[in-house]
Amino acid sequence: MSSSTAEADWVSRLADEVIAEAGQRGTGKPVVVASGLSPSGPIHLGNMREVMMPHFVADEIRRRGVACEHIISWDDFDRFRKVPFGVEGVDPDTWAQYIGMPLSSVPAPAGSPYPNWAEHFKAPMAAALDRLGVPYRGISQTEMYTSGAYREQILLAMAERQRIDAVLARYRTKAKTSPDPEAAVADRTLRKPGKALSAEEQAAADVAAEGSGAAAEDDGAGGAGYFPYRPYCSVCGKDFTTVTAYDDATTALTYDCACGHTETVRLSGPDGHTRGKLVWKVDWPMRWAYEGVVFEPSGVDHQSPGSSFVVGEPLVAEIFGGKRPIGPMYAFVGILGMAKMSSSKGGVPTAADALRLMEEPLLRWLYARRKPNQSFVIALDQEIQRLYDEWDALERRVAEGTAGDADTAAHSRAVRTAERELPRTPRPLPYRTLASVADITTGDEAQMLRILSELDPADPLSSLDPVRPRLDRAATWVQTQVPADQRTRLLAEPDTERLSGLDETQRKSLDILLDGLGEHWSLDGLTTLVYAVPKLQAGWDLDAKPTPELKAAQREFFVLVYELLLGTDTGPRLPTLLLAAGPERVRTLLGG
Ligand SMILES: [Zn+2]
C-alpha cells in the first residue's frame with residue numbers, strides 16, 4: 001500500500017498530509033489525531049465516524065512505523081442539555097431537574113453500575129472500541145477542568161477576552177448564533193448536504209445531532225460583557241450562570257445564578273476555581289493547542305460559516321499560539337432498520353448494538369470503504385444480507401488477487417490494525433443461509449448443526465465452532481430484527497385440501513422434486529434440482545438457456561412449494577428451506 005501510488009485510498013492520502021503537517025510543525029513528538037465524543041446519552045452508531053476516521057488515519061501512520069496517538073476527548077464536563085428519549089431506568093420528569101449540570105454530575109440511570117450519567121454511556125462505547133481494535137487515550141474533560149490542568153489557558157482566555165470577542169464578532173454578523181439549543185439542533189440537521197433525506201434518515205440525523213456532542217455552538221456572548229469562562233453554580237450545580245464582573249488584577253470573578261446564588265471566586269492559584277469551563281468555541285481551539293492536535297475531522301454542523309471549526313482557526317493562532325488541525329468534514333451516516341432495534345434505548349442503535357448483528361471487520365469496512373465526504377447508510381434490516389454477500393465477494397477477490405487497490409486497502413483496514421488481526425469466522429458460510437437456518441430452527445443448536453453439515457456433505461461440520469461468531473450474529477439478527485409474523489414456520493400438518501386440488505402438472509413437478517431429494521441432498525445439489533424440475537417437466541435439456549417462459553414456470557413451481565411448506569408464497573431460498581425442513585418433513589408436506 002504505497003502512499004505514492006495514484007490509486008491510494010483516502011486513508012493513505014490523509015496520512016500523507018498529516019505526516020507532512022506534523023513534520024512541518026517539527027515538535028518531534030508522536031503525531032496526535034483526535035476525536036470528541038459527548039456521553040450525553042447512548043452514543044449513536046452514526047457518530048462512530050467521528051472515531052473511525054481518525055482511527056484509520058492513525059492506524060495507517062503506525063503501519064508506516066511513525067509514532068501516532070489517537071486521543072478521544074470525552075466531553076463529560078459539557079452540560080446536560082436534555083433528557084434523551086426512552087432510556088431505560090430514566091424517568092424524564094425526574095432527570096429534567098439535572099439539566100444544566102455537567103454530564104459527570106448527573107446520576108446514572110436507575111440500576112446502572114456506573115457512578116454517573118457520563119460513565120454509564122462511555123462504558124459501552126469503550127467496550128465496542130476495544131472489540132473494534134481501536135486503541136486510544138481517553139481524556140475526561142471533567143478530570144482536566146476540575147484538576148486545574150487548563151488553568152493557564154483559562155486565565156489567558158479571560159485576559160484576552162476582548163480579542164476573542166473581536167474575533168468572534170467578525171463571524172457573528174455572518175451567522176447569528178441561536179440562543180435556543182433546540183433551534184440550534186434543528187438548524188444543524190437542516191444543513192445536511194446532498195439529497196433530501198427520507199423520514200427515517202432525517203429521524204436518524206436528528207438523533208445523531210442530539211448525541212453528537214456538537215455541543216451547543218455557544219460562544220459566551222451576552223450579559224454584562226464578554227466572558228469565555230462559564231462557572232457551574234456552587235449551590236445548584238448548574239450553568240444557568242451569568243458572569244457579572246471580572247478583575248484582571250486579582251482574577252476575581254463574580255457570577256449570578258438563576259437559582260438566586262451570587263458568588264465571587266478567584267480563578268488563579270492552586271485553589272482557584274475549577275467548577276467551570278471555557279465556552280465551546282474557545283474550548284475546542286484551546287484543546288487543539290494544548291494537545292498539539294494535527295488531525296481532527298468534524299461533522300458538517302461544525303463547519304458552516306461562523307461555526308466552531310471556522311472561528312477556531314484564528315482563535316487557536318491568535319490566542320493560544322497553536323494551529324488548527326487538518327480537519328476534513330465528514331458526511332452523515334444513516335441507519336436503516338433502527339426502528340426495530342432495541343426499543344429500550346429509544347431506537348438509537350449504538351456500536352454495541354451493531355456488533356450483536358455483524359462481525360467487527362464488517363463494521364470497520366463500512367467506515368473504511370467510503371470517502372469522508374460520502375454519506376452512507378448502515379443497514380441493520382434485510383439489507384444486511386446483501387451487505388454480507390458483498391463482503392464475502394470482496395474477500396474472495398482479495399484472496400484471488402483480483403480486487404482493485406482501493407478495495408484491497410479497505411479490506412486490509414477492516415480485518416487488521418497495526419497491532420492485531422480482528423477476529424474472523426473460520427468457515428464463513430453465507431450470512432443469509434445462517435439466518436435462514438437460525439430462523440427455521442429457532443436457534444436449536446443440534447438442528448442447526450445437522451442442517452449446516454448437510455450444506456456440503458463432502459466437508460461436513462463436526463461442531464458449530466467454525467461457523468462462529470457469524471452464526472451467532474445471524475441468529476441474533478433473526479431474533480431482534482425479523483418480526484415474529486415474518487419468521488419462517490413450516491406447516492405442522494400437510495395442507496390436504498390444497499394437495500387434493502393440484503392439477504396434473506403441479507403433482508408431476510412435486511414428484512420430480514421428491515424423487516430427486518435423496519440424490520441431491522446438499523445445498524449445491526438441491527439448488528441444481530429445484531431449477532431443473534421445470535426443465536425436466538417440459539422435456540427441455542438441463543443446459544437450456546433460461547427463457548421468459550422457463551423463468552415463469554420456475555417461479556410458479558417455487559410458489560407452489562412455498563405454499564405447501566409454509567402456507568405463504570415466499571420464504572428463504574428454497575434449497576436452504578428444504579435442507580432446514582429435512583427430507584421426511586418435505587415428503588409429508590408435499591404429499592410424497
Ligand atoms: Zn445556582
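Report on the accompanying structure. (Residues numbered from 1 in each chain as written. Predicted model: local features only at pLDDT ≥ 70, side-chain atom pairs only at ≥ 80, totals over all residues. Heavy atoms only, no water.)

Regarding empty space enclosed by the protein
A water-sized probe, rolled over the atoms, reveals where empty space remains.
Line of reasoning, step 1. In the structure shown here, the tally under the stated rule is three cavities of 30 Å³ or more.
Line of reasoning, step 2. The wall of the second largest cavity is formed by Tyr145, Gly148, Arg151, Ile154, Tyr229, Leu267, His273 and Thr274.
Line of reasoning, step 3. Considering only residue class, the lining of the second largest cavity consists of four nonpolar, three polar and one charged. (1 Å grid on protein atoms, 1.4 Å probe; cavity = no way out; pocket = protein on both sides within 12 Å on 5 of 7 lines; lining within 4 Å. Points joined across faces, edges and corners; volume = space filled by probe spheres on them. Nonpolar A, V, L, I, M, F, W, Y, C, P; charged D, E, K, R; others polar.)

Observations concerning the nonpolar core
Line of reasoning, step 1. In this structure, Leu363, Tyr367, Ile378, Leu452 and Leu513 are the most contacted members of the largest nonpolar core, which totals 106 residues.
Line of reasoning, step 2. Both of domain 1 (431-486) and domain 2 (496-589) provide at least three residues apiece to this core.
Line of reasoning, step 3. Residue contacts for Ile378: discarding those within four places in its chain leaves Leu45, Val333, Gly334, Ile335, Leu336, Met358, Leu363, Leu366 and Tyr367.
Line of reasoning, step 4. Counting residues in each nonpolar core, the second largest holds 42 residues, with Leu278, Val279, Trp284 and Phe320 among its members. (Core = buried A, V, L, I, M, F, W, Y, C linked by side-chain atoms within 4.5 Å. Buried < 20%, exposed > 50% of the residue type's maximum accessible area, 1.4 Å probe, protein only. Domains from an automatic or database assignment. Contact = heavy atoms within 4.5 Å.)

Some points on helix α20 (residues 504-516)
Line of reasoning, step 1. Here α20 is 13 residues long and its end C-alpha atoms lie 18 Å apart, about the 18 Å a rise of 1.5 Å per residue gives.
Line of reasoning, step 2. By the burial criterion, the buried members of α20 are Ser509, Leu510, Ile512, Leu513, Leu514 and Gly516.
Line of reasoning, step 3. Residues of α20 that are buried in the fold lie against α21 (523-538), α22 (548-566), α23 (574-581) and α24 (583-589). (Helix = DSSP H or I, 4+ residues; strand = E, 2+ residues; numbered from the N terminus. Expected span 1.5 Å × (residues − 1).)

A short note on the sheet that holds strand β3 (residues 137-140)
Line of reasoning, step 1. Pairing is parallel across the open sheet formed by three strands, whose spatial order is β1-β2-β3. Across the chains shown, the open sheet's two edge strands, defined by having one partner strand only, are β1 (31-37) and β3. Geometrically, the sheet is characterised by an average inter-axis angle of 25 degrees between neighbouring strands, direction not taken into account.
Line of reasoning, step 2. Two strands pair when backbone bridges link them, and strand β2 (residues 68-74) and β3 are joined in this way by four bridges, in the parallel orientation. Looking at β3, one finds that Ile72 is bridged to Gly138.
Line of reasoning, step 3. Strands β1 and β2 of the sheet are contacted by helix α2 (residues 49-63), whose axis makes an angle of about 165 degrees with β1. (Pairing = 2+ DSSP bridges. Axes fitted to C-alpha atoms, helices over the stretch in contact; angles between N-to-C directions.)

So, unusual backbone geometry
Line of reasoning, step 1. At the junction of Arg468 and Pro469, the peptide bond is cis and its omega measures out at 5 degrees in the coordinates.
Line of reasoning, step 2. Tracing the backbone through its elements, the reader meets Pro469 in the loop between α17 (445-455) and α18 (470-481).
Line of reasoning, step 3. The phi torsion at Thr251 lies on the positive side, around 60 degrees, for a residue other than glycine.
Line of reasoning, step 4. With respect to the helices and strands, Thr251 occurs in the loop between β5 (241-247) and β6 (252-257).

Regarding the coordination of the zinc ion
Line of reasoning, step 1. Within the protein, the zinc ion binds to Cys233 (SG), Cys236 (SG), Cys257 (SG) and Cys259 (SG); these donor distances fall in the range 2.3 Å.
Line of reasoning, step 2. Considering all four donor atoms around the zinc ion, the spread of angles at the metal, 103 to 118 degrees, places the coordination shape in the tetrahedral class.
Line of reasoning, step 3. Here the donor residues of the zinc ion share one chain and are spaced in sequence as C-x2-C-x20-C-x1-C.
Line of reasoning, step 4. Residue class for Cys233 comes out buried when judged on its relative accessible area of 3%.
Line of reasoning, step 5. Judged by relative accessible area, Cys236 falls into the partly exposed class, the value being 21%. (Donors = N, O, S within 2.8 Å, 3.2 Å for Na, K, Ca; no water. Tetrahedral: all angles 85-135°; square planar, octahedral: opposite > 155°, others 65-115°.)

Here we look at α2
Line of reasoning, step 1. For α2, built from 15 residues, the straight-helix expectation of 21 Å at 1.5 Å per residue is met to within 8% by its first-to-last C-alpha distance of 21 Å.
Line of reasoning, step 2. Within α2, 14 of the 15 residues are buried, leaving the element largely enclosed by the surrounding structure.
Line of reasoning, step 3. Gly65, located one to two residues past α2, shows a positive phi value of around 85 degrees.

Observations regarding the pairing of strand β7 (residues 262-266)
Line of reasoning, step 1. The pairing of β6 with β7 spans five bridges and is antiparallel. What sits directly across from Asp256, in β7, is Thr262.
Line of reasoning, step 2. Counted between consecutive antiparallel strands, the loop separating β6 from β7 contains four residues, among which Gly260 sits at a positive phi close to 105 degrees.

A look at the pattern of salt bridges
Line of reasoning, step 1. Taken as a whole, this structure holds 41 salt bridges when the rule is applied.
Line of reasoning, step 2. Residue Glu60 pairs with Arg413 through a salt bridge whose shortest N-O separation is 3.0 Å. Here Arg413 lies in helix α15 (residues 405-415) and Glu60 lies in helix α2, a separation of 353 residues in the sequence. One exposure class covers both Glu60 and Arg413, and it is buried.
Line of reasoning, step 3. Among the salt bridges present, the one from Asp75 reaches Arg287, with a minimum N-O distance of 3.4 Å. Taken as a pair, Asp75 in the loop between β2 and α3 (92-95) and Arg287 in helix α10 (residues 280-291) lie far apart in primary sequence, 212 residues in all.
Line of reasoning, step 4. Residue class for Arg287 comes out buried when judged on its relative accessible area of 8%.
Line of reasoning, step 5. Shared partners join several salt bridges into a network, and the residues in it are Asp9, Asp16, Glu60, Arg64 and Arg413. (Salt bridge = Lys/Arg side-chain N within 4 Å of Asp/Glu carboxyl O.)

Distances and angles like these do not, on their own, reveal function.
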